[in-house]
Amino acid sequence: MLFDPSILVPHLGFLGAGALLTVEACALALLGSLAVGAGIAMARTSASAALRKAAAAYVDIFRNVPFIVQLFFFYYGLPEIGLYIDAFTTGVIALSIAGGAFASDVIRSGILAIDTGVIDAAQVSGLSRRVIFTKIVLPIALRTSVRPLGSVLINLILTSSILSTITLNELTGSAKIVAADTFRPFEVYAVLLVIYAALTYAVSIAINLLHRRQNRHLGGEVA
Amino acid sequence: MRYADFTWYDLVLLAQGLGVSLGLFAVTSLFGLALGTVWAVIRYYGVPALTPVIAFVAELLKNSPVLVQLFLVFFGFPAFFKLNVTPVEAAIVTLTGNTAAFIYVVAVAAIDSIGRDQIEAARVSGLTRWQVLRRIIAPQAAAFAIGPLIGLMVNQLQVTSLISVIGVMDLTKIGAILNLRTLKPFIVWTAVGLLYYLAAKLIAGLGWRLERRLSAHSAWRGL
């Protein structure tokens, strides 16, 4: 049998719809991860020891339990407590919670790398703690950690393929259907592998451009 | 008639699943370590034709979802090459390849971390190429690589949970079976998550002890 990827041509529209769903889920999960990550990072760098410990425990748990177990926990568990939400929402929530644990590590090191003089100056200027965090600490921390946050995003894209196990027909889920329809699983999955690699490659190029743009004032210091 | 309560036998099932997960993790980590190291050594000697192929394959494996790689091996290979592939064989092949791709990166960095002057000095002193690799490069590269390797191993343990999707009776699959029978998702997935968590901590702890031994030569001994 010859390798013939052209059998995929009639199914491109269907796969495109799946890819769109993957992009949507990843975009929402990225926002969710950043929100969760910023919150956890704030707790991990706070002055309260209890808050620091709780946040560290969160990161420890969600980094050391496989994502598929977390996903099943939410997908099968939430209806049990009367929350009936669809697979897409469950997937985005699970991705945000797990991604948030990874993002918080990145944002935390971004916060710790901030020159303390900047914070002293803000305090002397009479800014409130909330304003200092949202207007000074967070923007600086997010800007310097564009590149590591980019690897969190790439991991989110790869991890989102696991959402196909909870009946969500994103890119991998659609490919499974196409493979069953055409009886050509080798072509379908080989092409899918290359699509994912190309997608993450494109994202990493975009991240590098964004990183350079955001840190252009540093003049190559953070090359 | 469905027997929905938990029984003592369920603990045996969970232990069995954990054994399968840990066993496959150990086997594929060892194979992956060997394969990834061989790839890095091939790169080190700059074997023509092979080096760019290895770099490309490693990049492809690192930047695509493990789930898609599993589907390609389990569904694609039998259809295309007319082979019989059992779920366990597919899991071993896929996880070995995936682990090797990540180990390749660590091993390349570890080999590059050793100064050329050391290798030149060793060659001038009359050591053979094999002796240089065995006596000069390997011990120092191992001490350099052990830190990143521990993080990688903890991550690869979680990746093994994906083989449940192609029907390997690992810990996650046992969790899915118990979940369907008892319909108590919170208890089942918490127990499964806890077992993964403890296994991850065990691997991290063993790795830490190994790291201390490998870097004993450079440890601070006091004055």
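What you see is a predicted model, and the numbers here were worked out from it, not measured in a lab.

Quick notes on the overall build of chain B
- A count of helical and extended segments in chain B gives eight helices and zero strands.
- For chain B, the sequential pattern of α-helices and β-strands runs α-α-α-α-α-α-α-α.
- Taking the principal axes of the C-alpha coordinates as reference, chain B spans close to 80 × 55 × 25 Å.
- Within chain B, the proportion of its 223 residues that are buried is 43%.
- Within chain B, contacts between residues at least 6 apart in sequence are counted, and of these 77% link residues at least 24 apart.
- Positive and negative charge centroids in chain B, built from 17 and 9 side chains respectively, lie 4 Å apart.

Topic: the overall build of chain A
- Helix and strand content of chain A: nine helices and zero strands.
- The secondary structure elements of chain A, listed N-terminal to C-terminal, are α-α-α-α-α-α-α-α-α.
- Considering only C-alpha atoms, chain A reaches an extent of 70 × 50 × 25 Å along its principal axes.
- When contacts within chain A are restricted to residue pairs at least 6 apart in sequence, long-range pairs at least 24 apart make up 75% of them.
- Of the charged side chains in chain A, 15 are positive and 12 negative; the average position of the first set lies 13 Å away from that of the second.

Observations regarding the interface of chain B and chain A
- Between chain B and chain A, the residue contacts involve 37 residues of the former and 35 residues of the latter.
- The largest per-residue losses of area from chain B upon contact with chain A belong to Phe80, Phe186 and Trp189 of chain B, which jointly make up 21% of the total buried on that side.
- For the pair chain B and chain A, the number of links is one salt bridge.
- A salt bridge links Asp60 of chain A to Lys201 of chain B; its shortest N-O distance comes to 2.9 Å.
- Summed over the shared surface of chain B and chain A, the number is four residue pairs in polar contact (both at pLDDT 80 or more).
- With eleven residues, helix H3 (residues 66-81) of chain B is the largest single contributor of residues to the side of chain B that touches chain A.
- Of the residues in the side of chain B that touches chain A, the class split is 22 nonpolar, eleven polar and four charged.

Section: the pattern of salt bridges
- In the structure shown here, the tally under the stated rule is seven salt bridges over all chains.
- Connected through salt bridges with shared partners, the residues Arg44, Arg63 and Asp105 of chain A form a single ionic network.

Observations regarding the packing of helix H1 (residues 12-44) of chain A against helix H8 (residues 171-182) of chain A
Residue and element names in this part refer to chain A.
- The contact between H1 and H8 brings their axes to 7 Å, and the two run at 160°. Comparing their axes, H8 and H1 come out roughly antiparallel. As H1 packs across H8, the resulting crossing turns out to be right-handed. Every residue of H8 that contacts H1 at Phe14, Leu15, Gly18, Ala19 and Thr22 is listed here: Leu171, Ser174, Ala175, Ile177 and Val178.
- Of the residues contributing to the contact of H1 with H8, the split by class is seven nonpolar, three polar and no charged.

A word on empty space enclosed by the protein
Residue and element names in this part refer to chain A.
- In this structure the tally under the stated criterion is one cavity of 30 Å³ or more.
- Approximately 30 Å³ is the volume attributed to the largest cavity.
- If you trace the largest cavity, you find it lined by Leu8, Leu15, Ala175, Val188, Val191, Leu192 and Ile195.
- No other element matches helix H9 (residues 185-214), which puts four residues into the lining of the largest cavity.
- Across the lining of the largest cavity, the residue classes tally to seven nonpolar, no polar and no charged.

So, the nonpolar core
- Residues Phe67 and Tyr189 of chain A together with Val192 of chain B are the most contacted members of the largest nonpolar core, which totals 79 residues.
- Counting residues per element, this core draws most heavily on H9 of chain A, at ten residues.
- Ignoring sequence-local partners within four residues, the contact set of Val192 of chain B consists of Val69 of chain A together with Leu14, Leu171 and Gly175 of chain B.
- Among the nonpolar cores identified, the runner-up in size contains 34 residues, and Phe25, Ile103, Ile111 and Ala145 of chain B belong to it.

Let's talk about a nonpolar patch on the surface
- A cluster of nonpolar side chains, namely Val27, Leu30, Phe31 and Leu33 of chain B, defines an oily patch on the protein surface of about 350 Å² accessible area.
- Overall, the relative accessible area of 58% leaves Leu30 of chain B in the exposed class.

Section: the packing of helix H4 (residues 87-112) of chain B against helix H6 (residues 129-159) of chain B
Residues and elements named next belong to chain B.
- Contact pair H4 / H6: the axes reach a minimum separation of 9 Å and the direction vectors enclose 145°. Note that H4 runs across H6; the crossing there is right-handed. Contacts between H4 and H6 involve Leu95, Asn98, Thr99, Phe102, Ile103, Val106, Ala109, Ala110 and Ile111 from the former and Ile137, Ala141, Phe144, Ala145, Pro148, Leu149, Leu152, Met153, Gln156 and Val159 from the latter.
- Taken together, the residues of the contact of H4 with H6 sort by class into 16 nonpolar, three polar and no charged.

Description of the confidence of the model for chain B
- A residue-level look at chain B finds 99% of positions with pLDDT of 70 or above and a mean pLDDT of 92.
- What the predictor reports for the complex is a pTM of 0.90 with an ipTM of 0.90.

A closer look at the layout of surface pockets
- Of the volumes computed, that of the largest pocket is approximately 1400 Å³.
- Phe102, Asn155 and Thr159 of chain A together with Asn155 and Val159 of chain B are the residues nearest the centre of the largest pocket, which is lined by 49 residues in total.
- Within the residue set of the lining of the largest pocket, elements represented by two or more residues are helix H2 (49-64), helix H3 (67-77), helix H4 (87-112) and helix H7 (146-159) of chain A together with H3, H4, H6 and helix H8 (185-214) of chain B.
- Of the residues forming the lining of the largest pocket, the biggest block, eight residues, is contributed by H6 of chain B.
- A breakdown of the residues in the lining of the largest pocket according to their chemical character gives 28 nonpolar, 15 polar and six charged.

A word on helix H2 (residues 50-62) of chain B
- Over its 13 residues, H2 of chain B extends 18 Å from the first C-alpha to the last, a length consistent with the 18 Å expected when each residue adds 1.5 Å.
- Looking only at H2 of chain B, the buried set comprises Thr51, Ile54, Ala58, Leu60 and Leu61 of chain B.
- Buried-residue contacts for H2 of chain B involve H9 of chain A together with helix H1 (9-45), H3 and H4 of chain B.

The rules we used
- Residues numbered from 1 in each chain as written.
- Chains lettered and ligands numbered in written order.
- Predicted model: local features only at pLDDT ≥ 70, side-chain atom pairs only at ≥ 80, totals over all residues.
- Heavy atoms only, no water.
- Helix = DSSP H or I, 4+ residues; strand = E, 2+ residues; numbered from the N terminus.
- Buried < 20%, exposed > 50% of the residue type's maximum accessible area, 1.4 Å probe, protein only.
- Contact = heavy atoms within 4.5 Å.
- Lys, Arg positive; Asp, Glu negative; His and termini not counted.
- Charge placed at Lys NZ, Arg CZ, Asp CG, Glu CD.
- Buried area = accessible area lost by both parts, 1.4 Å probe.
- Salt bridge = Lys/Arg side-chain N within 4 Å of Asp/Glu carboxyl O.
- Polar contact = N/O pair within 3.5 Å; in protein donor to acceptor, adjacent residues only side chain to side chain.
- Nonpolar A, V, L, I, M, F, W, Y, C, P; charged D, E, K, R; others polar.
- Axes fitted to C-alpha atoms, helices over the stretch in contact; angles between N-to-C directions.
- Parallel < 35°, antiparallel > 145°, perpendicular 65-115°, else oblique.
- Left-handed = near helix turned anticlockwise from the far one by under 90°.
- 1 Å grid on protein atoms, 1.4 Å probe; cavity = no way out; pocket = protein on both sides within 12 Å on 5 of 7 lines; lining within 4 Å.
- Points joined across faces, edges and corners; volume = space filled by probe spheres on them.
- Core = buried A, V, L, I, M, F, W, Y, C linked by side-chain atoms within 4.5 Å.
- Patch = residues over 30% accessible without salt bridge, like charges linked within 9 Å, V, L, I, M, F, W, Y side chains within 5 Å.
- Areas by Shrake-Rupley, 256 points an atom, 1.4 Å probe, with all protein chains shown as cover.
- pLDDT = per-residue confidence, 0-100.
- Expected span 1.5 Å × (residues − 1).

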